[in-house]
Amino acid sequence: MERTQVVVPAGEIERQRDFIRKTAQELARRGHPPLAVVDTYGCQQNVADSQRLMGMLRDMGCAFTQDPDAADVIVINTCAIRDNAEKKVFGVVGQLVHAKERNPELIICLCGCMAQQESVAKKIKASYRHVDLVFGPQALWKFPELLFETLQSRKRVFSIENVHGSIAEGLPVVRESGVKAWVSIMYGCNNFCSYCIVPYVRGRERSREPEDILAEVRQLAAEGYREITLLGQNVNSYGKDLERSMDFADLLAEIDKIPGDYLIRFMTSHPKDAGEKLFDTMARCSHVAKQLHLPVQSGNSRVLRVMNRGYTREQYLEKVRYARSVMPELTLTSDIIIGFPGETEAEAMDTVSLIEEVRYDALFTFIYSPRPGTPAAQMPDPASRAEKQVWFDRLLEAQNRISGELHRAYVGRTVRVLVDGECGDKRWPLSSRTNGGRLVHLDGGRDLIGQYVDADIVDSNTWALFGTLADSQRVPPCGDRPNSPHDHNAF
Ligand code: SAH
Ligand code: SF4
Ligand code: F3S
């Protein structure tokens, strides 16, 4: 694929800015300040995309609301990863028919991964006639033009051409807080795991130019963002499509040189592309959090082969061993699918034995959901839902015990955390994260939000830690203070 075909030309982005201005004028004619709802489902990539959609809407003069009855524009950014994700969205969209009846001027837009599927577009066309605009993730940068066309023509607009996808730089953005920021570094996926819809809806892998990423991170660090998460369906495939030789580890090392009081996280890493170079770089770079989300999916090598994951159980375990040898304090999490077509009870129990062996800090667990159009959806699937549920419950039971044990080991230690928000609880009003990304509920005032503080961990449960403010406060992050007396292993 030629790089020149991938990047949206600057002139096109400028054209979209014109549409932002024209749409602002169109909305202003309504005689009141326009309001928008942006409702987001799915992964962090969608959260990041929604922040760009909000940036465009803000530049069209919109303020934001949660109330569909008050809105001029509603955007639903959808996820197609499992059947229940899709069902939920159809429920929400169905309900909006009433808001549209009350306010026929309302514009309802459906975008994201579901919208890229032809079958969904067909269903919306035929049965959800109150939806005005449908566009896939590949057309996100054209949102101003598509919305303007919808407003002007008063006709329904569908833009779901299944192109490979592109990279659009310079889109406006509304970030959720001044503390955490998402930075997409690559888009799409080439892996075609046999169960997964993502490669069909997100297009082929394409990496942003390192200069663009570095400029964005530099700006975020200068603006005082404390936690910057690099995003990609496969962040560590970064660079494979670039003309120059640069991989994800090289990019991390470059970002790490940017001065400032911030941590870098990244997700999601694919085990087949995660190797010694990446782990050595993580270990060396002081801005890089010692946290790894490394989805294994299954602990059985036959199932992994049919899933098309590109590694065996032993190869995966070897990678974990190496990563921990260079980062003993590493926090490790994973995704698991139970009940892949043809999986036997013994194979599912291999997954339970793998998690017992690895002892992840936390897991994201799913029961297999057939996705039409993927190879796995054609495979014989003899195990019943009830059987799969039994295996799933065993997995959860084991993981809850492990998470509980690992969390209990924090009690009595002092750890550095970033205070990132409020959680509405009287006893523990603040939420914060350790370097490894573990959630710590904390006492203290909201003036601490955005600060690194030391927390004495006094309690824990399966999902979180509980801490009180330690005496020494507002210390710089560990990376800038190599001789810190604090317990780095607890991060
Ligand atoms: N790119 C990431 C995963 C993105 S999808 C990776 O490869 O690790 C997030 C998770 O959803 C996957 O890791 C997988 O565990 C789960 N998932 C994907 N397709 C699924 C399906 N058809 N049924 C159930 N879970 C699925
Ligand atoms: Fe899906 Fe596999 Fe790509 Fe992850 S790597 S998005 S699971 S196809
Ligand atoms: Fe869902 Fe699309 Fe993310 S399918 S998980 S929102 S890439």
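Predicted, not measured: the structure shown is a model, and the values here were computed from it.

K.L.:
I keep staring at the pairing of strand E19 (residues 465-469) and nothing clicks. Help me out?
P.N.:
Each regular strand displays side chains that alternate between the two surfaces of the sheet. Along E19, 4 of the 5 residues are buried, which leaves the element largely enclosed by surrounding structure. Where strand E17 (residues 439-442) lies against E19, 3 bridges are found, and the strand directions are parallel. In the strand pairing of E19, Leu442 is matched with Gly467. Both strand E18 (residues 452-460) and E19 contribute to a ladder of 5 bridges, which runs antiparallel. Counterpart to Asp459 in the pairing with E19 is Phe466.

K.L.:
I would appreciate a short explanation of the site of ligand 1 in the present structure.
P.N.:
Inspection of the region around ligand 1 gives 15 residues, with Tyr195, Gln233, Gln297, Asp335 and Ser369 positioned closest. Interatomic distance of 2.7 Å between a backbone N/O atom of Gln233 and a nitrogen atom of ligand 1. In the complex, the protein chains occlude 90% of the 540 Å² of accessible area that ligand 1 would expose alone. Looking at the shell around ligand 1, the elements with two or more residues in it are strand E13 (331-338) and strand E14 (362-367). By residue class, the composition of the shell around ligand 1 is 7 nonpolar, 4 polar and 4 charged.

K.L.:
How should I be thinking about the site of ligand 3 in this particular structure?
P.N.:
Every residue lining ligand 3 is accounted for by Cys43, Asn46, Cys79, Ala80, Ile81, Cys113, Arg202 and Gln233. Partitioning the shell around ligand 3 into residue classes produces 5 nonpolar, 2 polar and 1 charged.

K.L.:
How do you make sense of the layout of surface pockets when you look at a structure like this?
P.N.:
Left-over empty space is what a probe sized like a water molecule reveals as it rolls over the atoms. Empty space within the second largest pocket amounts to approximately 610 Å³. Along its surface, the second largest pocket is lined by 30 residues, and Arg52, Ala168, Leu171, Tyr187 and Glu216 are the ones closest to its centre. Counting residues per element, the ones that place at least two in the lining of the second largest pocket are helix H3 (44-59), strand E7 (180-184) and helix H8 (210-222). Here the lining of the second largest pocket is built from residues that sort into 15 nonpolar, 6 polar and 9 charged.

K.L.:
What is the right way to look at helix H6 (residues 143-153) in this model?
P.N.:
Because each turn of an α-helix spans 3.6 residues, side chains separated by three or four positions end up pointing in the same direction. Summarising burial for H6: 8 of the 11 residues are buried, a large majority. Among the residues of H6, Phe143, Pro144, Glu145, Leu146, Leu147, Phe148, Thr150 and Leu151 are the ones counted as buried. Elements in contact with the buried residues of H6: helix H2 (10-28), H3, strand E3 (73-78), strand E4 (107-112), strand E5 (133-135) and strand E6 (157-159). Downstream of H6 by a residue or two, Arg154 has a phi angle that is positive, lying close to 60°.

K.L.:
Can you walk me through empty space enclosed by the protein in this structure?
P.N.:
The tally for this structure, following the rule as stated, stands at 3 cavities of 30 Å³ or more. In this structure, the second largest cavity occupies an estimated 50 Å³ of space. Around the second largest cavity, the lining residues are Ile13, Gln16, Arg17, Ile20, Met56, Trp141, Pro144, Gly170, Leu171 and Pro172. Ranked by residue count, the leading element in the lining of the second largest cavity is H2, at 4 residues. When grouped by side-chain class, the residues that make up the lining of the second largest cavity number 7 nonpolar, 2 polar and 1 charged.

Cut-offs and rules
- Residues numbered from 1 in each chain as written.
- Chains lettered and ligands numbered in written order.
- Predicted model: local features only at pLDDT ≥ 70, side-chain atom pairs only at ≥ 80, totals over all residues.
- Heavy atoms only, no water.
- Buried < 20%, exposed > 50% of the residue type's maximum accessible area, 1.4 Å probe, protein only.
- Helix = DSSP H or I, 4+ residues; strand = E, 2+ residues; numbered from the N terminus.
- Pairing = 2+ DSSP bridges.
- Near = heavy atom within 4 Å.
- Polar contact = N/O pair within 3.5 Å; in protein donor to acceptor, adjacent residues only side chain to side chain.
- Areas by Shrake-Rupley, 256 points an atom, 1.4 Å probe, with all protein chains shown as cover.
- Nonpolar A, V, L, I, M, F, W, Y, C, P; charged D, E, K, R; others polar.
- 1 Å grid on protein atoms, 1.4 Å probe; cavity = no way out; pocket = protein on both sides within 12 Å on 5 of 7 lines; lining within 4 Å.
- Points joined across faces, edges and corners; volume = space filled by probe spheres on them.
- Contact = heavy atoms within 4.5 Å.

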